[in-house]
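Structural overview for review
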Amino acid sequence: MELFTGVTIDWLGKKWYFLAFSLLFSVSGLISMGVHFARTGSPVPLGVDFKGGTEVQVTFANVPDANQVRNATDAAGIHDVKIVAYDVPAKHELLISMPEQSDVNVDSSRKRILDALHQHYNNPILESSVQAVGPTVGRQLEKQAGLATLYSLVGMLVYLWFRFELIYGVAAVVAVFHDTLITVGAFALTGQEISLTVIAAILTLVGYSMNDTIVVFDRIRENLRISRREGLTDVVNRSINQTLSRTVLTSGLTFLTVLALYIFGGKVLSGFSFALVVGILIGTYSSIAVAAPMLVAYQDWRARRGKAVSLPAAKRSR
Amino acid sequence: MKKNLNGKIALIIGTLLVFLYGIFGIPKGVSGAALEQAITQRIHLGLDLRGGAHLILQVVVKDAINAETDNTVARIEQAMADSHLTYTQVLKPDPNTPQTIRVEGVDPAHSSAVSSELSDRFGAEYDIASNSNDHSFTLTMKPSQLADLESRTLDQSIETIRDRVDRLGVSEPVIQRYGLGANEILVELPGVEDLDRIKDIIQSTSRLEVHEVAGNPDGYATEQEAMTSLGGTIPPDEYLVHGDPQGVSSDGTDRVFLLKRVSIVGGRDFRDASAIGPNDSGRQGVNFVLTNAGGQRFYDYTSSHVGTYMAIVLGDRVKNVAVIQSAIRDNGQIEGQFSKEQIDALSLTLRTGALPASLIPIEQRTVGASLGADSIRQGVIAAIAGTLSVMFFMLLYYRGAGINADLALFLNLVILLGFMGFSQSTLTLPGIAGVILTIGMGVDSNVLIFERIREEMRAGKGAAQAVDQGFAHAWVTIVDTHVTTIVSAAILFMFGTGPVKGFAVTLFFGLLANLFTAVFVSRVIFDSHLNNMKAGARISI
């Protein structure tokens, strides 16, 4: 069985569509982040891991009623709780959370919530999980996860610079950045919280998108070496077409795995697999529609400034 | 031309065995239960997968600095008295910078003698500055000393916490420095769901100290009253402590005591504590035992202070005030109302040594075991469903060569898990994300190679040559994609903590394994297939 043999699609001829598409999504991502920022003071909905706060997952003996729970907490003088149905029909579970104010006593909110519930309900309540994070730790974690990701991007850029040319590295990093922006934007748009597991998913998509981009770049480098007289546009088009069946196959299979995760993974993994489902689609798209056209755009720009046109043929490699 | 593949095949089988050992060790049997036990002994599951408690504690290093400088204050007073040097007082001027000590009101005639005395005795640990205007000396702990003290405090805290957790019978706890902020300790307790009791014991400073009573041994009704009796200011070497409602002020009213700041004995001077039943007068209490050094100090003090009062302070509350009737060497009693839990906790904390500083929990999570089990079950089902469908598709699309890919993928997972077993790494939920990316890239490597071989065959090359060329071309790409991602995994490992690290570990090992399986193993399978083929036949791809 073979798909996509001898395709000759003019990808670069569609670059304006790509640009429009990418802009549409990036800008709507940015706008929804902006709207979210204006409403809550943070560009994306952050989980308690990052923003600090208390989140108690409570299992009730009978089907719980969110209003009743709210009455219970209100009666105890706790007014800023958020109550989310977690797995009500099967396990009678609610997620009750409130923002944490103090760094000194992270445990106090949990105790207040549970005391309120115990006063209201006679039937036994089981806490199945608790997270209480002080605001300082949350900020430290946010900063550190951001820095680690930034450093790893720089590391990849340097490696690509060494193996190809600087512009290849820049293009790859821009493409990855584009993917991350759109994925995070999707979280802001759908109001899902970014937690630590979602960060792991975003790191996965960075790796995946980078991998995809390098495969195309590698082919461009190889083709540039064998056909020196062909224009860069044609070489890039041909390289994308030659790797197309691999791109579709790999993305399709990875998408399959991630989809399985999204469907069977349950509530715990939902944010995680949502990020991957979006990320794989965008990551595949960006290698073809963002990273590769950037090489051509860069060369055109150099040509207009009267510089040598033969670049960016990559460095020799064995 | 046939290739001799025996060496390579032996290498592959050897690798397989080594990493299978990494996963299972030498199992006690081949039954499912024995294998499961073997595997859980070597591959640890993170708290998010098996349930347990996770705690991040901030160490209040200031406490340790305070204790250290309190001690120095006492030593300075002693040194000045020994050398008959005149001064008004030695004090710590600012509670927010406990590393600074000031000697005030030095007799100008003694100035140079004091200077040399101080630099002789304390110059190694403190920077000493003199102020000739008000005839004072300022001692500030050297930054290197301070850093050393911080580090020692953290290590001691970790040691003490580990000791306490061990005695509570928690298995496989993780207690280590947490790299995110300064002076933080990470405590992970697998299987612990009721954190309250354990947390109380872990962070119980329960500093048991004996202080000299400076003011009225019966205490004062309020801090205000204590201040008034002193004429408005508390001497710098003394401080006010409230009474414990279940101790001295058993009638429930609050009492305030004026005590000398520097303790007679305290902290690590204690060795043990045990409960004593109700005595003749119907009161019960705790019996404590001092270490040899502490006992000697206590003896020296009590023998020269018979008739004066001392206060027993537990956790910043006066438990008991007693008159010294005779010299006491190494044990004593605290009377008062104690519950059994209180005595057990006190005894445990005294036996494990006092914490050098107090601890503040700044993050706390518990995951119920059933929730962890749910995550595992769902994660594993999803991973298996995903992997199987990928394997099935590879067979469908690449036919014979699909077997190569599937074998390589299987071996990759074995090696990855084996690495985890050897390095005693912990598998977490983010770690599973790393595994997914590894599987994705493993499949991708095979797809790259196979597509390339197909291209070469379309260009009219024979089977052996197509395989050769396909691998040669794809190899460059595979190296680039893998090294890039390995670089990023290594950086994430170095700079990340917790979940980011968990992701980096599996990705790093997985990609290393991948370079071996997707390229080397897959190639050997192709070659052995080519060896058995008739000349001119087509390979199944």
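On a predicted model such as this, the values are computed, not experimentally measured, just so you know.

Rules used throughout
- Residues numbered from 1 in each chain as written.
- Chains lettered and ligands numbered in written order.
- Predicted model: local features only at pLDDT ≥ 70, side-chain atom pairs only at ≥ 80, totals over all residues.
- Helix = DSSP H or I, 4+ residues; strand = E, 2+ residues; numbered from the N terminus.
- Rg over C-alpha atoms; globule rule 2.2 N^0.38 Å.
- Buried ≥ 20, exposed ≤ 12 C-beta atoms within 10 Å, placed from the backbone.
- Contact = placed C-beta atoms within 7 Å.
- Nonpolar A, V, L, I, M, F, W, Y, C, P; charged D, E, K, R; others polar.
- Domains from an automatic or database assignment.
- Pairing = 2+ DSSP bridges.
- pLDDT = per-residue confidence, 0-100.
- Core = buried A, V, L, I, M, F, W, Y, C linked by C-beta atoms within 7 Å.
- Axes fitted to C-alpha atoms, helices over the stretch in contact; angles between N-to-C directions.
- Left-handed = near helix turned anticlockwise from the far one by under 90°.
- Expected span 1.5 Å × (residues − 1).
- Parallel < 35°, antiparallel > 145°, perpendicular 65-115°, else oblique.

**Quick word on the overall build of chain A**
Check the secondary structure of chain A and you find 11 helices and 4 strands. Computed over C-alpha atoms, the radius of gyration of chain A comes to 25 Å, more than 25% over the 20 Å expected from 2.2 N^0.38 for 318 residues, which places it beyond the range of a compact globule. Based on the C-alpha atoms only, the size of chain A along its principal axes is roughly 80 × 45 × 35 Å. Each of the 318 residues in chain A was classed as buried or not, and the buried ones make up 48%. Within chain A, counting contacts between residues at least 6 apart in sequence, those at least 24 apart form 76% of the total.

**Remarks on the interface of chain A and chain B**
In this complex, chain A contributes 59 residues to the contact, which on the side of chain B involves 59 residues. Every element with two or more residues in the side of chain A that touches chain B is listed here: β4 (126-133), α6 (135-163), α8 (196-226) and α10 (244-264) of chain A. Its residues assigned to classes, the side of chain A that touches chain B shows 33 nonpolar, 20 polar and 6 charged.

**Comments concerning the domain arrangement of chain B**
All names here are of chain B. Taken domain by domain, chain B holds domain 1 (6-50 + 368-531), domain 2 (61-145) and domain 3 (151-364). Once you take the C-alpha centre of each, domain 2 and domain 3 turn out to be 28 Å apart. In this complex, domain 2 contributes 8 residues to the contact, which on the side of domain 3 involves 8 residues. When residues of the side of domain 2 that touches domain 3 are traced back to their parent elements, those giving at least two are α4 (61-82) and β3 (89-91). If one sorts the elements of the side of domain 2 that touches domain 3 by residue count, α4 sits on top with 6 residues. Looking at the side of domain 2 that touches domain 3 residue by residue, the classes come out as 5 nonpolar, 1 polar and 2 charged.

**What about the pairing of strand β8 (residues 184-190) of chain B?**
Residue and element names in this part refer to chain B. Counting buried positions over the 7 residues of β8 gives 5, a clear majority of the element. Sheet analysis places strand β2 (residues 52-59) next to β8, joined by 7 bridges and oriented antiparallel. Each bridged residue has a counterpart across the sheet, and for L55 the counterpart in β8 is V187. As paired elements, strand β7 (residues 174-178) and β8 share 5 bridges and run antiparallel to each other. Opposite V174, over in β8, you have E188 as the bridge partner. The turn joining β7 and β8, which pair antiparallel and follow one another in sequence, is formed by 5 residues; a positive phi near 55° is taken by N183.

**Here we look at the sheet that holds strand β12 (residues 265-266) of chain B**
Residue and element names in this part refer to chain B. Spatially, β12-β9-β15-β16 is the arrangement adopted by the 4 strands of the open sheet, whose pairing is antiparallel. With partners counted over all chains shown, the strands left at the sheet margins are β12 and β16 (317-323), one partner each. Pairing analysis gives 2 bridges linking strand β9 (residues 208-212) to β12, with the strands arranged antiparallel. For E209, the partnering residue across the bridge sits in β12 and is G266.

**As for the confidence of the model for chain A**
Residues and elements named next belong to chain A. Mean pLDDT for chain A: 83, with 92% of residues reaching 70 or above. Looking at the elements of chain A, mean pLDDT is at its lowest for helix α4 (residues 88-91), recorded as 71, and at its highest for helix α7 (residues 166-190), recorded as 92. Per-residue pLDDT stays below 50 along residues 314-318; that stretch engages in 9 contacts with residues further than four places along the chain or on separate chains.

**Concerning the nonpolar core**
Counting residues in each nonpolar core, the largest one holds 172 residues, and the members touching the most others are A172, A201, V236 and A275 of chain A together with L416 of chain B. Element by element, the count of residues in this core is highest for α8 of chain A, at 16 residues. Setting aside residues no more than four positions away along its own chain, V236 of chain A makes contact with L12, I220, A292, L295 and V296 of chain A. One finds V213, F257, F270 and L346 of chain B within the second-largest nonpolar core, a separate group that totals 26 residues.

**Thoughts on the confidence of the model for chain B**
Residue and element names in this part refer to chain B. Overall, the predicted model of chain B reaches an average pLDDT of 83, with 94% of residues at or above 70. The spread of mean pLDDT over the elements of chain B runs between helix α10 (residues 340-351), the lowest at 71, and strand β6 (residues 136-141), the highest at 91. Predicted as a complex, the structure gets a pTM of 0.75 and an ipTM equal to 0.82.

**Focus on the packing of α6 of chain A against α7 of chain A**
All names here are of chain A. Where α6 meets α7, the closest approach of the two axes is 7 Å, and the angle between their N-to-C directions is 150°. In the packing of α6 onto α7, the handedness of the crossing is right-handed. For the pair α6 and α7, contact is made by L153, M156, L157, L160 and W161 and by L166, Y168, G169, A172, V173 and V176, respectively. Here the contact of α6 with α7 is composed, by residue class, of 10 nonpolar, 1 polar and no charged.

**A closer look at helix α1 (residues 6-24) of chain B**
Since the α-helix turns once every 3.6 residues, residues separated by three or four places project in the same direction. Residues and elements named next belong to chain B. Taking 1.5 Å per residue as the helical rise, α1 with its 19 residues ought to reach 27 Å, and the 27 Å between its terminal C-alpha atoms agrees with that figure. Considered for burial, the residues of α1 that qualify are F19, G22, I23 and F24. Here the buried face of α1 lies against α2 (32-42) and α12 (400-422). Where α1 ends, the next residue or the one after it, G25, has phi of about 65°, a positive value.

**Looking at the pairing of strand β18 (residues 359-367) of chain B**
Residues and elements named next belong to chain B. Most of β18 is tucked away, with 8 of its 9 residues classed as buried. Where β2 lies against β18, 8 bridges are found, and the strand directions are antiparallel. If you follow L55 over to β18, its bridge partner there is Q364.

**Brief notes about unusual backbone geometry**
Residue and element names in this part refer to chain B. Of note, H135 is a non-glycine position whose phi angle comes to about 55°, a positive value. If you trace the backbone, H135 turns up in the loop between β5 (126-131) and β6. Even without being glycine, N183 reaches a positive phi, approximately 55°. Take N183: it is sitting in the loop between β7 and β8.

**Remarks on the packing of α8 of chain A against helix α11 (residues 270-304) of chain A**
Residues and elements named next belong to chain A. Relative orientation of the contacting elements α8 and α11 amounts to 25°, with a least axis distance of 8 Å. In terms of their interaxial angle, α8 and α11 are classed as roughly parallel. For the crossing formed where α8 meets α11, the hand is right-handed. Each residue belonging to the contact of α8 with α11 can be placed in one class, and the counts come to 16 nonpolar, 10 polar and 1 charged.

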